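Architecture and fold: a report
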Amino acid sequence: MSTVAAFYGGKSILITGATGFLGKVLMEKLFRTSPDLKVIYILVRPKAGQTLQQRVFQILDSKLFEKVKEVCPNVHEKIRAIYADLNQNDFAISKEDMQELLSCTNIIFHCAATVRFDDTLRHAVQLNVTATRQLLLMASQMPKLEAFIHISTAYSNCNLKHIDEVIYPCPVEPKKIIDSLEWLDDAIIDEITPKLIRDWPNIYTYTKALGEMVVQQESRNLSIAIIRPSIVGATWQEPFPGWVDNINGPNGIIIATGKGFLRAIKATPMAVADVIPVDTVVNLMLAVGWYTAVHRPKSTLVYHITSGNMNPCNWHKMGVQVLATFEKIPFERPFRRPNANFTSNSFTSQYWNAVSHRAPAIIYDCYLRLTGRKPRMTKLMNRLLRTVSMLEYFINRSWEWSTYNTEMLMSELSPEDQRVFNFDVRQLNWLEYIENYVLGVKKYLLKEDMAGIPEAKQRLKRLRNIHYLFNTALFLIAWRLLIARSQMARNVWFFIVSFCYKFLSYFRASSTLKV
Ligand SMILES: NC(=O)C1=CN([C@@H]2O[C@H](COP(=O)(O)OP(=O)(O)OC[C@H]3O[C@@H](n4cnc5c(N)ncnc54)[C@H](OP(=O)(O)O)[C@@H]3O)[C@@H](O)[C@H]2O)C=CC1
């Protein structure tokens, strides 16, 4: 019997961000391995016209939870959705709900965050810093609380090259920032933001660093741990390979490449692609929850869950495997044939953007206009290129994360726990993982049917022929223009033509002689 799974039996667990990518996989694994847990409280807000209940039902009815329903048929009764908005005071939780949370919660997993790179400082601080402080205050009033697990990111200190499992201080105290945001107006905040975030690449990573500082400062007597995953990718093994449900990180890039919109990217091919499967992160989270509650370490331990130092893969290898998978299982209705040119040179990157991205978009929009339709490709391309430019920082650098605490925890687990809550990324076979990842993007994100593959392959063949035809036509036009304008080009042209003519005459003459 797994010690970690048994630990969660009979427990009341509070999860923030349960409707997000990580949160869903966390809930799934908890129900599957500890079906006798008492209750999972999830803090949810209504969204996109859906009530809390509708959101919960939608999650439980998804393919991700199919196995859970077999192991834990009364899963609906074990989830308690509590109305909460982390942007508001006391999270806008009702008095009764708050009372229940305070008196019953045993473990907290704090996953909620804004992960947008371009969020406003005000909103990102509210969610990633102030809400964390508020949750810690709540935690300090929970008599039964055994562990508080805070999810940060491995990039919270990406301004450093080597990152240890410690909390680094930020130049400005989080409290000062929270206080000043209360009275500063938005225009001034926009002005001072670059000065505040200094060498952090975006507001997201900066506010996650502030969030960690808040955890350290407000930890009181609580048993707290911080988990820092790198780029969280599709599931590796559990509950099935390749599950993914949002366009963040590599997912959007895989779609854009598979659909033929994105054919070049400013990336350092040999830089480490520090992707970590979401189920690996969740396994570590559950093991950390158990360890923190049972061993109650004296200080807040930080755990890195990254792949680069144990089993590195680089962007080149990833790109090659993604393209190889598109050959076998192409996406439906691609705009162009998928391709991946990596360049770390800014000039070459701009050239590719002009030739491979903007020009085809303009040509396609002309075609749409001529056929009486609304042009849309240039707008789409501009948004895509803006998104890609925001990710560039992360695909042109490599970091070293130390993983002593994560390795220590692995050695503390029984062989059974090491199997059930496996976070040993050394066992990951990248080629297999990437293939399943791309397949998962096709099936679960794009919701494409596998039956459409032969047609997609036909379309790719047609696109290849159009590509060759277009290039030949372009070459001939360019050459014709050159000949019209340059004496030198004309001389070269006559030289080539007379050479070919002579060669053909010689060939004809020698074959006549042989006869
Ligand atoms: N994905 C990644 O690559 C990585 C993620 N992380 C960290 O992991 C954690 C989870 O990320 P991930 O699951 O990918 O992110 P998602 O964007 O998928 O999920 C974010 C969650 O936070 C919730 N949330 C946001 N704002 C509010 C609010 N005002 N009130 C209540 N809930 C709110 C969202 O709820 P709703 O559904 O209502 O919007 C959602 O459940 C984050 O802390 C992130 O920093 C760390 C490293 C990498």
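Up top you'll find the structure we're talking about.
Residues numbered from 1 in each chain as written. Predicted model: local features only at pLDDT ≥ 70, side-chain atom pairs only at ≥ 80, totals over all residues. Heavy atoms only, no water.

1. So, the overall build of the chain
Counted only if it meets this: Numbering of helices and strands runs from the N terminus; a helix is a DSSP stretch of H or I covering at least four residues, while a strand is a stretch of E covering at least two. For the exposure calls, accessible area comes from a 1.4 Å probe over protein chains only, and a residue counts as buried if that area is under 20% of its type's maximum, exposed if over 50%, partly exposed in between. Contacts are assigned to residue pairs with any non-hydrogen atoms lying within 4.5 Å of each other.
The number of helices and strands found in the chain is 20 helices and 13 strands. Dimensions of the chain, computed from C-alpha atoms along their principal axes, come out at roughly 100 × 55 × 50 Å. The 515 residues of the chain split such that 52% are buried. Restricting to contacts in the chain with at least 6 residues of sequence separation, those with at least 24 account for 84%.

2. Overview of the layout of surface pockets
Using the following cut-off: Residues are called lining when one of their atoms sits within 4 Å of a cavity or pocket point, these points coming from a 1 Å grid over the protein atoms alone, where a cavity is a set in which a 1.4 Å probe fits but cannot get out and a pocket is an open set with protein on both sides within 12 Å along at least five of seven lines. Grid points are joined across faces, edges and corners, and a volume is the space filled by probe spheres set on the points. Under the convention adopted here, Pro, Cys and the residues Ala, Val, Leu, Ile, Met, Phe, Trp and Tyr are nonpolar, Asp, Glu, Lys and Arg are charged, and Gly plus all remaining residues are polar.
Here the second largest pocket defines a volume of roughly 1000 Å³. Along the wall of the second largest pocket there are 32 residues; nearest its centre are Phe335, Arg336, Pro360, Leu463 and Ile466. Of all the elements, helix H19 (residues 453-485) adds the most residues to the lining of the second largest pocket, at ten residues. Split into classes, the residues belonging to the lining of the second largest pocket amount to 18 nonpolar, five polar and nine charged.

3. Describing the packing of aromatic side chains
To be explicit about the condition: Any two of the Phe, Tyr and Trp rings considered here, Trp counted by its six-membered ring, make a pair once their centres fall within 6.5 Å; the pair's planes then place it as stacked at under 30 degrees, edge-to-face at over 60, or tilted in between. In our convention, an over-ring charge means Lys NZ or Arg CZ found within 6 Å of a ring centre and within 35 degrees of that ring's normal.
Scanning the entire structure with this criterion turns up 24 aromatic pairs. With a centroid separation of 6.4 Å and 35 degrees between ring planes, the pair formed by Tyr8 and Phe109 is classed as tilted. Taken together, the residues Tyr8 in the loop between helix H1 (3-7) and strand E1 (12-16) and Phe109 in strand E4 (residues 107-110) connect sequence positions 101 residues apart. On the accessibility criterion, Tyr8 (0% relative accessible area) is buried. Since its relative accessible area comes to 0%, Phe109 is described here as buried. The rings of Phe117, Tyr155, Tyr204, Tyr393, Phe394, Trp399 and Trp401 are connected pair by pair, giving a single aromatic cluster. Sitting over the face of the ring of Phe421, Lys29 holds its NZ or CZ atom 4.9 Å from the ring centroid. The ring of Phe240 is capped by Lys63, whose NZ or CZ atom sits 5.0 Å from the centre of that ring.

4. Some details on the packing of helix H7 (residues 121-139) against helix H10 (residues 203-217)
Stated formally: Axis definition: a line fitted to C-alpha atoms, limited for helices to the stretch in contact. Angles are taken between N-to-C directions and run from 0 to 180 degrees. Each angle receives one of four descriptions, namely roughly parallel if under 35 degrees, roughly antiparallel if over 145, roughly perpendicular if within 65 to 115, and oblique otherwise. Crossing handedness follows the turn of the near helix against the far one: under a right angle anticlockwise gives a left-handed crossing, and clockwise gives a right-handed one.
H10 packs onto H7 with a crossing angle of 20 degrees between their chain directions and a minimal axis gap of 9 Å. The angle between H7 and H10 places the two elements in the roughly parallel class. The two elements H7 and H10 meet at a crossing, and its hand is right-handed. Along its contact with H7, which presents Leu121, Ala124, Val125, Asn128, Val129, Thr132, Arg133 and Leu136, the element H10 presents Ile203, Tyr204, Tyr206, Thr207, Lys208, Leu210, Gly211, Val214 and Val215. Here the residues of the contact of H7 with H10 are counted per class, giving eleven nonpolar, four polar and two charged.

5. Let's talk about the site of the ligand
Our working definition: A cutoff of 4 Å decides nearness: a residue is near a molecule or strand if any of its heavy atoms lies inside that distance of it. Here a polar contact is taken to be a pair of N or O atoms separated by no more than 3.5 Å, where protein atoms must pair a possible hydrogen donor with a possible acceptor and residues adjacent in sequence count only if both atoms sit in side chains.
Near the ligand there are 27 residues, and of these Thr19, Arg45, Lys47, Arg55 and Tyr204 occur at the shortest range. In this structure, Phe21 approaches the ligand through a main-chain N or O atom, which is 3.0 Å from an oxygen atom. Between Asn87 and the ligand, the recorded distance is 3.3 Å, taken from a side-chain N or O atom to a nitrogen atom. Secondary structure elements with two or more residues in the shell around the ligand: helix H2 (21-33), H10 and strand E8 (231-233). Of the residues that constitute the shell around the ligand, the class distribution is 14 nonpolar, eight polar and five charged.

6. Structural notes on a nonpolar patch on the surface
Formally: What makes a patch is a set of residues exposed beyond 30% relative accessible area and free of salt bridges, joined within 9 Å when like-charged and within 5 Å when nonpolar (Val, Leu, Ile, Met, Phe, Trp, Tyr). Each accessible area value is a Shrake-Rupley result obtained with a 1.4 Å probe; residue values ignore everything except the protein chains displayed when judging cover. Definition used for salt bridges: Asp or Glu carboxyl oxygen within 4 Å of a side-chain nitrogen of Lys or Arg.
There is a patch of nonpolar side chains on the surface, built from Met488, Val492, Trp493, Phe494, Phe495, Ile496, Val497, Phe499, Phe503 and Leu504 and spanning about 1100 Å² of accessible area. Relative to the assigned elements, Leu504 resides in helix H20 (residues 487-514).

7. Points about the sheet that holds strand E2 (residues 39-44)
For the record, the criterion: At least two bridges found by DSSP between two strands are what make those strands a pair.
Sheet architecture is open: seven strands sit in the order E3-E2-E1-E4-E5-E7-E11, paired in parallel fashion. Edge positions in the sheet fall to strand E3 (79-83) and strand E11 (301-305), since each has one partner strand and no second. Taken over all neighbouring pairs, the strand axes of this sheet differ in orientation by 20 degrees on average, direction set aside. The sheet contact formed by E2 and E3 spans five bridges and is parallel. The residue of E3 that forms the bridge with Val44 is Tyr83. In this fold helix H3 (residues 52-60) packs onto E2 and E3, with an angle of close to 145 degrees to the strand it touches most, E3. Against the sheet, H10 touches strand E5 (147-151) and strand E7 (224-229), its axis set at about 165 degrees to E7.

8. Some details on the environment of Lys69
For Lys69, the location among the structural elements is in helix H4 (residues 66-71). What makes Lys69 partly exposed here is its relative accessible area of 29%. C-alpha separation for the pair Lys69 and Ile265, spaced 196 residues apart in sequence, amounts to 42 Å. Ignoring anything within four residues of it in the chain, the contact list for Lys69 reads Leu60, Asp61 and Val75.

9. Overview of H3
To keep it simple, the criterion reads: The arc in question is formed by the directions pointing from the helix axis toward the C-beta atoms.
Of all the residues in H3, the buried ones are Leu52, Arg55, Val56, Ile59 and Leu60. Along the long axis of H3, the arc covered by the buried residues comes to 130 degrees, so they all point the same way. Buried residues along H3 sit against H2, E2, H4, helix H5 (75-78) and E3.

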